[in-house]
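Okay, here's what each chain looks like letter by letter:
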Amino acid sequence: MSPRIRGLAAFRAWLQSRPQAADAVLALALLLMGFLQLYLEDVPPELTKYYGVSDATHVALIVAITMAITFRQRYPMTVLCFMVAGEFWITLAHYQATIPDVVAFMLAIYSVAAHRGLAHSALGGLLALISFNTMLALFPMQPGVITYLMDNALVIGVWVLGRNLRLRRAYFAELEDRAARLERARGTDARAARVEERSRIARELHDVVAHHVSVMTVQAGAARRILDRDPGSAREAMTTIEEVGRTALSEMRRIVGVLRTDRDPERAGGELAPQPGLGDLGELLDHVRETGLSVQLWIEGEARTPSPGVDVAAFRLIQEALTNTLKHAGPQARAWVRLYYTDDDLTVEIEDDGRGTATIMADNGDNPGHGLVGMYERVALYGGELRIGPRVGGGFGVRARFPLEA
């Protein structure tokens, strides 16, 4: 690119960033054109008797009217009124009309329509139209009908052009604003999705860690108590602790694998396994029974396959409830798990007859932990209902109803 082209491009960019300076440059160009017309062009013979001699007042009026274009975007209505007054002065003083006068007048009409609201622009357009027709009536040579209609059409057309530009500019501004709002909404949705994902992962980690660590704690305590008098049983308890620990590690690897799937899909792929569901309920109850807690399972109704989300949520709910029983119910407690299937719903009940009611409510009444909060979140996520509280006759109960199709 040549230096001249680069200079012109830089000058154009400078003018675009400073609209008032651009209008000043336009006004100077029109003023130069007006002086050339005033001093180099002869007045038509039929108008020599009407036009007077150009004097300093005439020159001052031309300069004032033309240079007023500089402020047309900032004060469009004021500039239009100023130009209307100047044009009337030129007409009544019988000064020669010049091209800059007419162009400046049209620019003022356009500016009012393009930079002001409908009420102000309509008022400015009406003022310009009345003034224009009044000046035509004061002109010594009356134009023909066609010329008169075309002149009025020009004034109206300039006003309409300004209005259309304003509406188009407002339309594009609305599109930009809408795009910005959508972008902000996408950002908000993304943040909400991240928060939800963190909550889901926190629930998963809590379910895995709380249940398996509770089982391991119970088994370790039992092994410690019987280590001297029954080494075989203690060895079985240690074996159970090892198996439960491996299961916990496997499930935690699966959760961590989900977190890095996007970053390292090949490495994470082998760690992704199906989440546990009601089909794994027997294995869960076996682990709980190995701790010494008596657990019974009843299934009523025709077993139906729930949606995958409900399947996982029901399993985690049972897991969390039994974990609370292990921690709070006491050594002689018993637990019952009931599944009621209907055509549309699955009801899950977990009850125990232990002494953990006061402990659970005291631990979670003022500052609910992840366990009870996670229960409510899981059930609500799939449109279900949850009731938690003391059981009639002693103990604690959890009852949840899930729609089979979440």
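Residues numbered from 1 in each chain as written. Predicted model: local features only at pLDDT ≥ 70, side-chain atom pairs only at ≥ 80, totals over all residues. Heavy atoms only, no water.

## Here's the deal with the nonpolar core
Here is step 1: Counting 36 residues, the largest nonpolar core has L317, I318, L322, V348, I350 and F402 as the members making the most contacts within it.
Here is step 2: For this core, the elements supplying multiple residues, two or more each, are α10 (281–290), α11 (308–328), β2 (334–341), β3 (345–352), α13 (370–381) and β5 (396–403).
Here is step 3: Top contributing element to this core by residue count: α11, with nine residues.
Here is step 4: Excluding its chain neighbours within four sequence positions, the residues that come into contact with L317 are V348, I350, M375, V379, L386, V398, A400 and F402. (Core = buried A, V, L, I, M, F, W, Y, C linked by side-chain atoms within 4.5 Å. Buried < 20%, exposed > 50% of the residue type's maximum accessible area, 1.4 Å probe, protein only. Helix = DSSP H or I, 4+ residues; strand = E, 2+ residues; numbered from the N terminus. Contact = heavy atoms within 4.5 Å.)

## Focus on the sheet that holds strand β4 (residues 385–390)
Here is step 1: One open sheet holds the five strands; their spatial order is β1-β2-β3-β5-β4, and the pairing between them is mixed. Of all the strands in the sheet, the pair left with one neighbour each is β1 (294–300) and β4. Between one strand axis and the next, the sheet turns through 10 degrees on average, direction left out of account.
Here is step 2: Here β3 runs beside β5; their pairing, made up of eight bridges, is antiparallel. Residue E349 lies in a different strand from β5, and its bridge partner there is R399.
Here is step 3: Its contacts with the sheet place α10 against β1 and β2, and it is angled at close to 160 degrees to β1.
Here is step 4: Lying over the sheet, α11 contacts β1, β2, β3, β4 and β5, oriented at roughly 10 degrees with respect to β3. (Pairing = 2+ DSSP bridges. Axes fitted to C-alpha atoms, helices over the stretch in contact; angles between N-to-C directions.)

## Considering empty space enclosed by the protein
Here is step 1: A complete count under the given rule lists one cavity of 30 Å³ or more for this structure.
Here is step 2: Its boundaries defined by the atoms lining it, the largest cavity holds a volume of some 60 Å³.
Here is step 3: In terms of lining, the largest cavity is formed by ten residues, of which the most central are A321, T325, D352, F396 and V398.
Here is step 4: Among the secondary structure elements, those contributing two or more residues to the lining of the largest cavity are α11, β3 and β5.
Here is step 5: Partitioned by chemical class, the residues of the lining of the largest cavity number five nonpolar, three polar and two charged. (1 Å grid on protein atoms, 1.4 Å probe; cavity = no way out; pocket = protein on both sides within 12 Å on 5 of 7 lines; lining within 4 Å. Points joined across faces, edges and corners; volume = space filled by probe spheres on them. Nonpolar A, V, L, I, M, F, W, Y, C, P; charged D, E, K, R; others polar.)

## Some remarks on α10
Here is step 1: Along α10, the residues that are buried comprise L281, L284, L285, H287 and V288. When α10 is viewed along its axis, its buried side chains cluster within an angular range of 155 degrees and face the same direction.
Here is step 2: Looking one or two places after α10, you find G292, whose phi comes out positive at around 105 degrees. (Arc of directions from axis to C-beta.)

## Describing the side chain of T70
Here is step 1: By secondary structure assignment, the location of T70 is in the loop between α3 (56–67) and α4 (76–92).
Here is step 2: Overall, T70 belongs to the buried group, its relative accessible area being 11%.
Here is step 3: Of note is the side chain of T70, whose polar atom sits 3.0 Å from the backbone oxygen of M67.
Here is step 4: When near neighbours in sequence (up to four residues on either side) are disregarded, T70 contacts Q20, D23, A24 and A27. (Polar contact = N/O pair within 3.5 Å; in protein donor to acceptor, adjacent residues only side chain to side chain.)

## So, the UniProt feature "transmembrane region" (unreviewed entry) in the protein chain
Here is step 1: As recorded in UniProt, the feature "transmembrane region" (unreviewed entry) lies at residues 21–40, 52–71, 78–97, 117–138 and 145–162.
Here is step 2: With 100% helix and 0% strand, the stretch residues 21–40 has end C-alpha atoms that lie 28 Å from each other. (UniProt positions renumbered as here; feature names shortened; annotations may be inferred.)

## Brief notes about the pattern of salt bridges
Here is step 1: Across all of its chains, the model carries 15 salt bridges by this definition.
Here is step 2: We note a salt bridge from D177 to R181, for which the minimum N-O separation is 2.1 Å. Here D177 and its partner R181 are both found in helix α7 (residues 145–226), four residues apart, which amounts to about one turn of the helix.
Here is step 3: Its relative accessible area of 37% is what places R181 among the partly exposed residues.
Here is step 4: R304 is the partner of D343 in a salt bridge, and the nearest nitrogen-oxygen pair spans 2.9 Å. Residue D343 is located in the loop between β2 and β3, and its partner R304 is located in the loop between β1 and α11; the two are separated by 39 residues in the primary sequence.
Here is step 5: A relative accessible area of 59% places D343 in the exposed class.
Here is step 6: Salt bridges sharing common partners tie together R338, E349, E351, R391 and R399. (Salt bridge = Lys/Arg side-chain N within 4 Å of Asp/Glu carboxyl O.)

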